[in-house]
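Results of the structural survey
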Amino acid sequence: MRDFYPEDMLLRNTVFEAWRSAARQFGFSQYDSCVVESLELLKRKGGEEIADQLYAFKDKSDRDLALRAEMTPTLARMICARQGALSFPMKWFAIAQCFRYERMTQGRKREHYQWNLDVVGEPSVAAEAEILSAAARSMFILGLDQNDVVIHISSRALLSDLLAKLGVDPRFHPATFLVLDKRGKISDDEILKLLENAGIDATGIAAVKKLTGIADMKSALAVLESPTAAYTALSDLFEMLRIHGIADMVRFDLSVVRGLGYYTGIVFEAFDSKHEGRAIFGGGRYDGLLSDIGGKPMTAVGLGFGDVVISDYLAAKGKLPLQSSEKDIILGYMDDSQRATAMALARLLREQGRSVDMAMHSQKAKALFSKASQCGFREAIFIGPDDIIKGMARIKNMADRTERELAIPVGS
(Lines give C-alpha, C1' and ligand atoms only; values in the text may rest on other atoms or scores of the structure.)
Protein backbone atom coordinates (compact mmCIF):
# COMPACT_ATOMS: atom_id res chain seq x y z
CA MET A 1 0.00 0.00 0.00
CA ARG A 2 1.10 3.53 -0.61
CA ASP A 3 1.98 6.77 1.11
CA PHE A 4 1.46 9.90 -0.98
CA TYR A 5 4.02 12.65 -0.52
CA PRO A 6 3.19 16.10 -1.97
CA GLU A 7 4.90 15.29 -5.29
CA ASP A 8 2.86 12.05 -5.48
CA MET A 9 -0.32 13.94 -4.70
CA LEU A 10 0.40 16.25 -7.63
CA LEU A 11 0.15 13.30 -10.04
CA ARG A 12 -2.79 11.72 -8.22
CA ASN A 13 -4.74 14.96 -8.24
CA THR A 14 -3.99 15.47 -11.94
CA VAL A 15 -5.46 12.05 -12.74
CA PHE A 16 -8.46 12.58 -10.44
CA GLU A 17 -9.17 16.00 -11.93
CA ALA A 18 -9.12 14.53 -15.45
CA TRP A 19 -11.58 11.85 -14.34
CA ARG A 20 -13.91 14.34 -12.65
CA SER A 21 -13.77 16.76 -15.55
CA ALA A 22 -14.58 14.06 -18.13
CA ALA A 23 -17.39 12.61 -16.01
CA ARG A 24 -19.01 16.01 -15.52
CA GLN A 25 -18.65 16.92 -19.20
CA PHE A 26 -20.74 13.83 -19.94
CA GLY A 27 -23.34 14.49 -17.26
CA PHE A 28 -22.38 11.88 -14.65
CA SER A 29 -23.21 12.54 -10.97
CA GLN A 30 -20.68 11.65 -8.27
CA TYR A 31 -21.42 9.27 -5.40
CA ASP A 32 -19.37 7.47 -2.73
CA SER A 33 -19.71 5.00 0.14
CA CYS A 34 -17.86 3.49 3.10
CA VAL A 35 -14.85 1.30 2.21
CA VAL A 36 -16.22 -1.52 4.42
CA GLU A 37 -18.73 -3.82 2.75
CA SER A 38 -20.62 -7.01 3.58
CA LEU A 39 -18.51 -10.05 2.75
CA GLU A 40 -21.65 -11.89 1.66
CA LEU A 41 -22.43 -9.20 -0.94
CA LEU A 42 -18.91 -9.39 -2.38
CA LYS A 43 -19.14 -13.19 -2.57
CA ARG A 44 -22.50 -13.04 -4.35
CA LYS A 45 -20.96 -10.87 -7.04
CA GLY A 46 -17.48 -12.38 -7.29
CA GLY A 47 -17.99 -15.97 -6.17
CA GLU A 48 -16.77 -17.82 -3.08
CA GLU A 49 -13.16 -17.79 -4.30
CA ILE A 50 -13.11 -13.99 -4.10
CA ALA A 51 -12.81 -14.26 -0.30
CA ASP A 52 -9.18 -15.31 -0.64
CA GLN A 53 -8.43 -12.03 -2.45
CA LEU A 54 -10.12 -9.74 0.08
CA TYR A 55 -9.10 -8.07 3.30
CA ALA A 56 -11.88 -9.86 5.17
CA PHE A 57 -12.51 -9.72 8.92
CA LYS A 58 -15.11 -10.04 11.66
CA ASP A 59 -16.13 -6.97 13.63
CA LYS A 60 -16.99 -6.88 17.35
CA SER A 61 -20.55 -7.96 16.55
CA ASP A 62 -19.19 -11.05 14.74
CA ARG A 63 -20.31 -9.78 11.32
CA ASP A 64 -18.36 -10.90 8.26
CA LEU A 65 -17.05 -7.77 6.54
CA ALA A 66 -14.34 -6.83 4.03
CA LEU A 67 -12.62 -3.82 2.57
CA ARG A 68 -14.15 -3.31 -0.86
CA ALA A 69 -12.16 -4.69 -3.76
CA GLU A 70 -14.24 -2.83 -6.33
CA MET A 71 -17.24 -0.51 -6.41
CA THR A 72 -19.80 -2.36 -8.55
CA PRO A 73 -21.35 -4.52 -5.76
CA THR A 74 -21.70 -1.43 -3.57
CA LEU A 75 -23.28 0.52 -6.43
CA ALA A 76 -25.77 -2.31 -6.99
CA ARG A 77 -26.61 -2.39 -3.27
CA MET A 78 -27.15 1.38 -3.17
CA ILE A 79 -29.42 1.30 -6.22
CA CYS A 80 -31.46 -1.61 -4.84
CA ALA A 81 -32.01 0.35 -1.62
CA ARG A 82 -33.67 3.23 -3.51
CA GLN A 83 -34.58 1.65 -6.83
CA GLY A 84 -38.17 2.87 -6.67
CA ALA A 85 -37.17 6.48 -6.04
CA LEU A 86 -34.30 6.89 -8.52
CA SER A 87 -34.70 8.28 -12.02
CA PHE A 88 -33.45 6.08 -14.86
CA PRO A 89 -31.39 5.87 -16.97
CA MET A 90 -28.98 6.85 -14.23
CA LYS A 91 -25.39 8.01 -14.80
CA TRP A 92 -23.15 7.90 -11.71
CA PHE A 93 -19.40 8.01 -11.14
CA ALA A 94 -17.11 7.45 -8.18
CA ILE A 95 -13.40 7.67 -7.40
CA ALA A 96 -13.14 4.87 -4.90
CA GLN A 97 -10.26 3.53 -2.83
CA CYS A 98 -10.20 -0.26 -3.22
CA PHE A 99 -8.25 -3.07 -1.55
CA ARG A 100 -7.34 -6.51 -2.83
CA TYR A 101 -5.05 -9.00 -1.08
CA GLU A 102 -3.11 -10.65 -3.88
CA ARG A 103 0.39 -10.95 -5.28
CA MET A 104 1.71 -7.57 -6.34
CA THR A 105 2.86 -7.24 -9.95
CA GLN A 106 3.67 -4.40 -12.32
CA GLY A 107 0.66 -2.10 -12.40
CA ARG A 108 -1.18 -3.87 -9.55
CA LYS A 109 -0.99 -3.02 -5.87
CA ARG A 110 -2.97 -4.15 -2.86
CA GLU A 111 -4.55 -0.72 -2.62
CA HIS A 112 -5.57 1.56 -5.46
CA TYR A 113 -8.05 4.22 -6.46
CA GLN A 114 -10.51 3.42 -9.22
CA TRP A 115 -12.69 5.66 -11.34
CA ASN A 116 -16.05 3.96 -11.85
CA LEU A 117 -18.51 5.10 -14.51
CA ASP A 118 -21.89 3.37 -14.66
CA VAL A 119 -25.04 3.85 -16.72
CA VAL A 120 -28.00 1.95 -15.25
CA GLY A 121 -31.38 1.50 -16.92
CA GLU A 122 -30.42 2.13 -20.57
CA PRO A 123 -30.82 -0.98 -22.75
CA SER A 124 -29.30 0.47 -25.94
CA VAL A 125 -25.59 0.66 -26.78
CA ALA A 126 -25.84 4.43 -26.29
CA ALA A 127 -24.84 3.58 -22.70
CA GLU A 128 -21.58 1.94 -23.85
CA ALA A 129 -20.94 4.84 -26.24
CA GLU A 130 -21.36 7.38 -23.45
CA ILE A 131 -19.02 5.58 -21.07
CA LEU A 132 -16.30 4.90 -23.64
CA SER A 133 -16.42 8.47 -24.94
CA ALA A 134 -16.10 9.84 -21.40
CA ALA A 135 -13.11 7.55 -20.79
CA ALA A 136 -11.51 8.72 -24.04
CA ARG A 137 -12.09 12.34 -23.01
CA SER A 138 -10.20 11.74 -19.77
CA MET A 139 -7.29 10.42 -21.87
CA PHE A 140 -7.28 13.57 -23.99
CA ILE A 141 -7.29 15.73 -20.85
CA LEU A 142 -4.23 13.81 -19.63
CA GLY A 143 -2.45 14.46 -22.95
CA LEU A 144 -2.97 11.00 -24.47
CA ASP A 145 -4.58 10.19 -27.82
CA GLN A 146 -5.05 7.31 -30.30
CA ASN A 147 -1.28 7.09 -30.74
CA ASP A 148 -0.94 6.27 -27.06
CA VAL A 149 -4.06 4.27 -26.12
CA VAL A 150 -6.33 1.82 -27.95
CA ILE A 151 -9.71 0.64 -26.63
CA HIS A 152 -10.34 -3.01 -27.57
CA ILE A 153 -14.04 -3.88 -27.84
CA SER A 154 -15.87 -7.19 -28.14
CA SER A 155 -19.17 -8.79 -27.13
CA ARG A 156 -19.74 -11.91 -25.07
CA ALA A 157 -23.16 -12.21 -26.72
CA LEU A 158 -21.54 -12.11 -30.15
CA LEU A 159 -18.97 -14.65 -29.01
CA SER A 160 -21.82 -16.94 -27.92
CA ASP A 161 -23.43 -16.55 -31.34
CA LEU A 162 -20.17 -17.50 -33.02
CA LEU A 163 -19.60 -20.51 -30.75
CA ALA A 164 -23.16 -21.71 -31.39
CA LYS A 165 -22.70 -21.32 -35.13
CA LEU A 166 -19.49 -23.36 -34.92
CA GLY A 167 -21.29 -26.16 -33.10
CA VAL A 168 -20.24 -25.59 -29.47
CA ASP A 169 -22.88 -26.61 -26.94
CA PRO A 170 -24.13 -23.54 -24.95
CA ARG A 171 -23.36 -25.28 -21.65
CA PHE A 172 -19.65 -25.03 -22.54
CA HIS A 173 -19.77 -21.32 -23.40
CA PRO A 174 -19.00 -20.00 -19.87
CA ALA A 175 -15.98 -22.31 -19.53
CA THR A 176 -14.81 -21.29 -22.99
CA PHE A 177 -15.05 -17.61 -22.03
CA LEU A 178 -12.85 -18.18 -18.98
CA VAL A 179 -10.25 -19.97 -21.09
CA LEU A 180 -10.30 -17.34 -23.86
CA ASP A 181 -9.76 -14.65 -21.24
CA LYS A 182 -6.37 -16.20 -20.52
CA ARG A 183 -5.15 -15.88 -24.13
CA GLY A 184 -1.91 -13.96 -24.26
CA LYS A 185 -1.30 -14.68 -20.58
CA ILE A 186 -0.51 -18.41 -20.92
CA SER A 187 0.80 -20.62 -23.74
CA ASP A 188 -1.38 -22.21 -26.46
CA ASP A 189 -0.61 -25.64 -24.99
CA GLU A 190 -1.93 -24.50 -21.62
CA ILE A 191 -5.03 -23.08 -23.32
CA LEU A 192 -5.62 -26.48 -24.97
CA LYS A 193 -5.21 -28.23 -21.63
CA LEU A 194 -7.73 -25.92 -19.94
CA LEU A 195 -10.27 -26.55 -22.71
CA GLU A 196 -9.85 -30.30 -22.34
CA ASN A 197 -10.13 -30.08 -18.54
CA ALA A 198 -13.39 -28.14 -18.95
CA GLY A 199 -14.80 -31.11 -20.88
CA ILE A 200 -14.89 -29.32 -24.22
CA ASP A 201 -14.75 -31.79 -27.08
CA ALA A 202 -12.78 -31.69 -30.33
CA THR A 203 -15.52 -29.66 -32.04
CA GLY A 204 -15.27 -27.00 -29.35
CA ILE A 205 -11.50 -26.89 -29.48
CA ALA A 206 -11.59 -26.50 -33.26
CA ALA A 207 -14.13 -23.69 -32.85
CA VAL A 208 -11.88 -21.84 -30.42
CA LYS A 209 -8.99 -22.11 -32.87
CA LYS A 210 -11.19 -20.68 -35.63
CA LEU A 211 -12.24 -17.80 -33.39
CA THR A 212 -8.63 -16.72 -33.04
CA GLY A 213 -8.58 -15.99 -36.78
CA ILE A 214 -11.49 -13.52 -36.63
CA ALA A 215 -9.81 -10.10 -36.72
CA ASP A 216 -12.65 -7.78 -37.75
CA MET A 217 -16.42 -7.46 -37.91
CA LYS A 218 -16.49 -8.55 -41.55
CA SER A 219 -14.82 -11.86 -40.65
CA ALA A 220 -17.28 -12.37 -37.80
CA LEU A 221 -20.21 -11.82 -40.15
CA ALA A 222 -18.77 -14.35 -42.59
CA VAL A 223 -18.92 -17.02 -39.86
CA LEU A 224 -22.41 -15.98 -38.72
CA GLU A 225 -23.66 -15.80 -42.35
CA SER A 226 -26.31 -13.25 -41.31
CA PRO A 227 -26.31 -10.48 -38.65
CA THR A 228 -27.49 -11.42 -35.18
CA ALA A 229 -28.82 -8.98 -32.57
CA ALA A 230 -25.42 -8.99 -30.86
CA TYR A 231 -23.62 -8.29 -34.13
CA THR A 232 -25.98 -5.41 -34.95
CA ALA A 233 -25.56 -3.90 -31.46
CA LEU A 234 -21.78 -3.95 -31.75
CA SER A 235 -21.95 -2.41 -35.24
CA ASP A 236 -24.21 0.35 -33.87
CA LEU A 237 -21.72 1.03 -31.09
CA PHE A 238 -18.81 1.48 -33.48
CA GLU A 239 -20.91 3.92 -35.52
CA MET A 240 -21.79 5.92 -32.39
CA LEU A 241 -18.13 6.06 -31.38
CA ARG A 242 -17.31 7.37 -34.85
CA ILE A 243 -19.81 10.19 -34.35
CA HIS A 244 -18.30 10.86 -30.91
CA GLY A 245 -14.98 11.37 -32.71
CA ILE A 246 -13.01 8.48 -31.26
CA ALA A 247 -13.11 5.93 -34.11
CA ASP A 248 -9.31 6.05 -34.32
CA MET A 249 -9.02 5.03 -30.66
CA VAL A 250 -11.24 1.92 -30.77
CA ARG A 251 -10.74 -1.53 -32.29
CA PHE A 252 -12.77 -4.73 -32.61
CA ASP A 253 -10.98 -7.49 -30.69
CA LEU A 254 -12.73 -10.81 -30.11
CA SER A 255 -10.07 -11.83 -27.59
CA VAL A 256 -11.50 -9.39 -25.04
CA VAL A 257 -13.72 -11.52 -22.82
CA ARG A 258 -13.36 -10.17 -19.26
CA GLY A 259 -13.12 -13.04 -16.81
CA LEU A 260 -15.92 -11.99 -14.46
CA GLY A 261 -19.04 -14.04 -15.12
CA TYR A 262 -21.57 -11.25 -14.57
CA TYR A 263 -20.83 -9.56 -17.91
CA THR A 264 -23.63 -10.25 -20.38
CA GLY A 265 -22.90 -8.32 -23.58
CA ILE A 266 -20.38 -5.84 -24.91
CA VAL A 267 -17.04 -5.80 -23.06
CA PHE A 268 -13.97 -3.61 -23.49
CA GLU A 269 -10.41 -3.04 -22.29
CA ALA A 270 -7.96 -0.23 -23.03
CA PHE A 271 -4.23 -0.81 -23.46
CA ASP A 272 -1.24 1.24 -24.46
CA SER A 273 -0.86 1.31 -28.25
CA LYS A 274 1.81 -1.42 -28.13
CA HIS A 275 -0.51 -3.65 -26.08
CA GLU A 276 2.11 -4.06 -23.38
CA GLY A 277 1.45 -4.40 -19.68
CA ARG A 278 -1.87 -4.43 -17.85
CA ALA A 279 -5.14 -2.97 -19.10
CA ILE A 280 -5.54 0.74 -18.39
CA PHE A 281 -9.27 0.30 -17.87
CA GLY A 282 -11.97 -2.27 -18.56
CA GLY A 283 -15.65 -2.94 -18.24
CA GLY A 284 -18.82 -3.90 -20.03
CA ARG A 285 -22.51 -4.63 -19.81
CA TYR A 286 -23.79 -6.47 -16.73
CA ASP A 287 -27.57 -6.68 -17.12
CA GLY A 288 -28.18 -9.32 -14.44
CA LEU A 289 -26.35 -8.01 -11.38
CA LEU A 290 -29.15 -5.99 -9.76
CA SER A 291 -31.58 -8.90 -9.83
CA ASP A 292 -28.84 -11.21 -8.53
CA ILE A 293 -28.64 -9.24 -5.28
CA GLY A 294 -32.38 -8.82 -4.80
CA GLY A 295 -33.26 -5.80 -6.92
CA LYS A 296 -35.59 -5.47 -9.88
CA PRO A 297 -34.02 -6.56 -13.20
CA MET A 298 -32.35 -3.62 -14.92
CA THR A 299 -29.73 -3.11 -17.61
CA ALA A 300 -26.34 -1.68 -16.68
CA VAL A 301 -22.96 -0.83 -18.20
CA GLY A 302 -19.88 -0.03 -16.15
CA LEU A 303 -16.20 0.87 -16.42
CA GLY A 304 -13.36 0.59 -13.90
CA PHE A 305 -10.24 2.71 -14.43
CA GLY A 306 -7.44 2.35 -11.86
CA ASP A 307 -4.90 5.01 -10.94
CA VAL A 308 -1.81 2.76 -10.79
CA VAL A 309 -1.47 1.74 -14.45
CA ILE A 310 -2.31 5.18 -15.85
CA SER A 311 0.12 6.89 -13.45
CA ASP A 312 2.92 4.53 -14.46
CA TYR A 313 2.07 5.07 -18.13
CA LEU A 314 2.08 8.87 -17.84
CA ALA A 315 5.50 8.65 -16.19
CA ALA A 316 6.82 6.37 -18.96
CA LYS A 317 5.50 8.75 -21.63
CA GLY A 318 7.08 11.79 -19.97
CA LYS A 319 3.67 13.37 -19.37
CA LEU A 320 3.91 13.96 -15.64
CA PRO A 321 2.56 17.32 -14.42
CA LEU A 322 5.41 19.83 -14.14
CA GLN A 323 4.12 21.81 -11.19
CA SER A 324 1.14 22.10 -8.95
CA SER A 325 -1.53 24.71 -9.50
CA GLU A 326 -1.15 25.34 -5.77
CA LYS A 327 2.39 26.71 -6.34
CA ASP A 328 1.12 30.13 -7.26
CA ILE A 329 2.76 32.93 -5.25
CA ILE A 330 5.43 32.85 -2.57
CA LEU A 331 5.67 35.99 -0.41
CA GLY A 332 8.47 36.98 1.96
CA TYR A 333 9.79 40.00 3.85
CA MET A 334 13.17 41.31 5.00
CA ASP A 335 12.44 42.30 8.59
CA ASP A 336 9.77 41.75 11.21
CA SER A 337 8.71 45.37 10.76
CA GLN A 338 7.37 44.42 7.29
CA ARG A 339 5.47 41.34 8.50
CA ALA A 340 2.11 43.10 9.01
CA THR A 341 2.32 44.55 5.49
CA ALA A 342 3.16 41.13 4.06
CA MET A 343 0.22 39.56 5.91
CA ALA A 344 -2.18 42.21 4.63
CA LEU A 345 -0.96 41.77 1.06
CA ALA A 346 -1.28 37.98 1.35
CA ARG A 347 -4.85 38.42 2.58
CA LEU A 348 -5.68 40.72 -0.35
CA LEU A 349 -4.31 38.24 -2.91
CA ARG A 350 -6.10 35.28 -1.29
CA GLU A 351 -9.39 37.19 -1.35
CA GLN A 352 -8.79 37.57 -5.09
CA GLY A 353 -8.55 33.79 -5.38
CA ARG A 354 -4.76 33.49 -5.54
CA SER A 355 -2.81 30.84 -3.63
CA VAL A 356 -0.16 32.50 -1.43
CA ASP A 357 2.53 30.73 0.56
CA MET A 358 3.70 33.43 2.98
CA ALA A 359 6.95 33.16 4.90
CA MET A 360 6.49 32.79 8.65
CA HIS A 361 9.74 34.56 9.53
CA SER A 362 11.95 37.25 8.01
CA GLN A 363 14.65 36.18 5.53
CA LYS A 364 16.99 37.42 2.86
CA ALA A 365 15.70 37.99 -0.66
CA LYS A 366 18.14 35.42 -2.06
CA ALA A 367 16.67 32.68 0.16
CA LEU A 368 13.11 33.46 -0.91
CA PHE A 369 13.84 33.51 -4.64
CA SER A 370 15.90 30.32 -4.35
CA LYS A 371 12.94 28.54 -2.74
CA ALA A 372 10.62 29.97 -5.40
CA SER A 373 12.76 28.43 -8.15
CA GLN A 374 13.30 25.09 -6.42
CA CYS A 375 9.62 24.59 -5.54
CA GLY A 376 8.16 25.73 -8.86
CA PHE A 377 6.26 28.85 -7.81
CA ARG A 378 4.86 30.95 -10.64
CA GLU A 379 5.51 34.29 -8.95
CA ALA A 380 7.40 35.66 -5.97
CA ILE A 381 7.04 38.83 -3.88
CA PHE A 382 9.70 40.11 -1.49
CA ILE A 383 8.88 43.13 0.66
CA GLY A 384 11.63 45.36 1.98
CA PRO A 385 11.69 48.84 3.59
CA ASP A 386 11.83 50.63 0.20
CA ASP A 387 8.61 48.91 -0.87
CA ILE A 388 6.88 50.14 2.29
CA ILE A 389 7.99 53.72 1.58
CA LYS A 390 6.78 53.54 -2.07
CA GLY A 391 3.58 51.75 -1.16
CA MET A 392 4.20 49.30 -4.01
CA ALA A 393 5.27 45.66 -3.98
CA ARG A 394 7.13 44.04 -6.90
CA ILE A 395 5.87 40.70 -8.23
CA LYS A 396 8.49 38.66 -10.09
CA ASN A 397 7.47 36.14 -12.75
CA MET A 398 9.75 33.17 -12.07
CA ALA A 399 9.56 31.89 -15.66
CA ASP A 400 10.75 34.98 -17.56
CA ARG A 401 12.06 37.06 -14.61
CA THR A 402 9.91 40.06 -15.55
CA GLU A 403 8.45 42.22 -12.78
CA ARG A 404 5.25 44.17 -12.27
CA GLU A 405 4.05 46.33 -9.38
CA LEU A 406 1.12 45.92 -7.04
CA ALA A 407 -0.20 48.52 -4.60
CA ILE A 408 0.26 47.62 -0.95
CA PRO A 409 -3.03 47.74 1.00
CA VAL A 410 -3.53 51.09 2.72
CA GLY A 411 -3.26 50.95 6.50
CA SER A 412 -1.25 47.76 6.58
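Structure report, in brief. (Residues numbered from 1 in each chain as written. Predicted model: local features only at pLDDT ≥ 70, side-chain atom pairs only at ≥ 80, totals over all residues. Heavy atoms only, no water.)

Topic: the overall build of the protein
Broken down by element type, the protein carries 15 helices and 16 strands. Compactness check: the protein gives a C-alpha radius of gyration of 27 Å against a globular reference of 22 Å for 412 residues, more than 25% above the reference. The C-alpha extent of the protein, read off along each of the three principal axes, is 90 × 55 × 40 Å. Residue burial in the protein is summarised as follows: out of 412 residues, 46% are buried. Sequence separation of at least 24 residues holds for 68% of the intrachain contacts in the protein that already meet a minimum separation of 6. Working note: accessible area of the protein is about 20,500 Å², and carbon and sulfur atoms make up 50% of it. (Helix = DSSP H or I, 4+ residues; strand = E, 2+ residues; numbered from the N terminus. Rg over C-alpha atoms; globule rule 2.2 N^0.38 Å. Buried < 20%, exposed > 50% of the residue type's maximum accessible area, 1.4 Å probe, protein only. Contact = heavy atoms within 4.5 Å. Areas by Shrake-Rupley, 256 points an atom, 1.4 Å probe, with all protein chains shown as cover.)

What to know about the packing of helix H9 (residues 217-224) against helix H10 (residues 229-243)
At their nearest, the axes of H9 and H10 sit 12 Å apart, and the two run at 165 degrees to each other. The angle between H9 and H10 places the two elements in the roughly antiparallel class. Here H9 runs over H10; the crossing is left-handed. Seen from H9, the contacting residues are Met217, Leu221 and Leu224; seen from H10, they are Tyr231, Leu234, Ser235 and Phe238. For the contact of H9 with H10, the class distribution of residues is six nonpolar, one polar and no charged. (Axes fitted to C-alpha atoms, helices over the stretch in contact; angles between N-to-C directions. Parallel < 35°, antiparallel > 145°, perpendicular 65-115°, else oblique. Left-handed = near helix turned anticlockwise from the far one by under 90°. Nonpolar A, V, L, I, M, F, W, Y, C, P; charged D, E, K, R; others polar.)

Quick notes on the side chain of His152
You can see His152 is positioned in strand E7 (residues 149-155). Given the relative accessible area of 3%, His152 is considered buried. Side-chain polar atoms of His152 contact the side chain of Asp253, separated by 2.9 Å. (Polar contact = N/O pair within 3.5 Å; in protein donor to acceptor, adjacent residues only side chain to side chain.)

Examining the sheet that holds strand E15 (residues 392-397)
Spatial strand order, E13-E12-E14-E15-E16: five strands in an open sheet with mixed pairing. Two strands in the sheet have a free side with no partner beyond their single neighbour: strand E13 (356-358) and strand E16 (403-407). Neighbour-to-neighbour, the strand axes of this sheet turn through a mean angle of 25 degrees, independent of strand direction. Two elements, E15 and E16, share five bridges in a ladder whose sense is antiparallel. Each residue of the ladder has a partner; that of Lys396, found in E16, is Glu403. Across the sheet, helix H14 (residues 365-375) lies against strand E12 (329-333), E13, strand E14 (379-383) and E15, angled at about 170 degrees from E14, the strand it touches most. (Pairing = 2+ DSSP bridges.)

What to know about the environment of Arg285
With respect to the element layout, Arg285 can be found in strand E10 (residues 281-285). C-alpha separation for the pair Arg285 and Phe268, spaced 17 residues apart in sequence, amounts to 9.4 Å. Separated by 3.4 Å, the side chain of Arg285 and the backbone oxygen of Glu122 make a polar contact. In terms of polar contacts, Arg285 uses its side chain to reach the backbone carbonyl oxygen of Ser124, at 3.0 Å.

Structural notes on the nonpolar core
Ranked by internal contacts, the top residues of the largest apolar core, which has 75 residues, are Ile153, Phe268, Ile280, Phe281 and Ile310. The element best represented in this core is helix H4 (residues 126-141), accounting for eight residues. Counting 22 residues, the second-largest nonpolar core is a separate cluster that includes Leu41, Ile79, Met90 and Val120. (Core = buried A, V, L, I, M, F, W, Y, C linked by side-chain atoms within 4.5 Å.)

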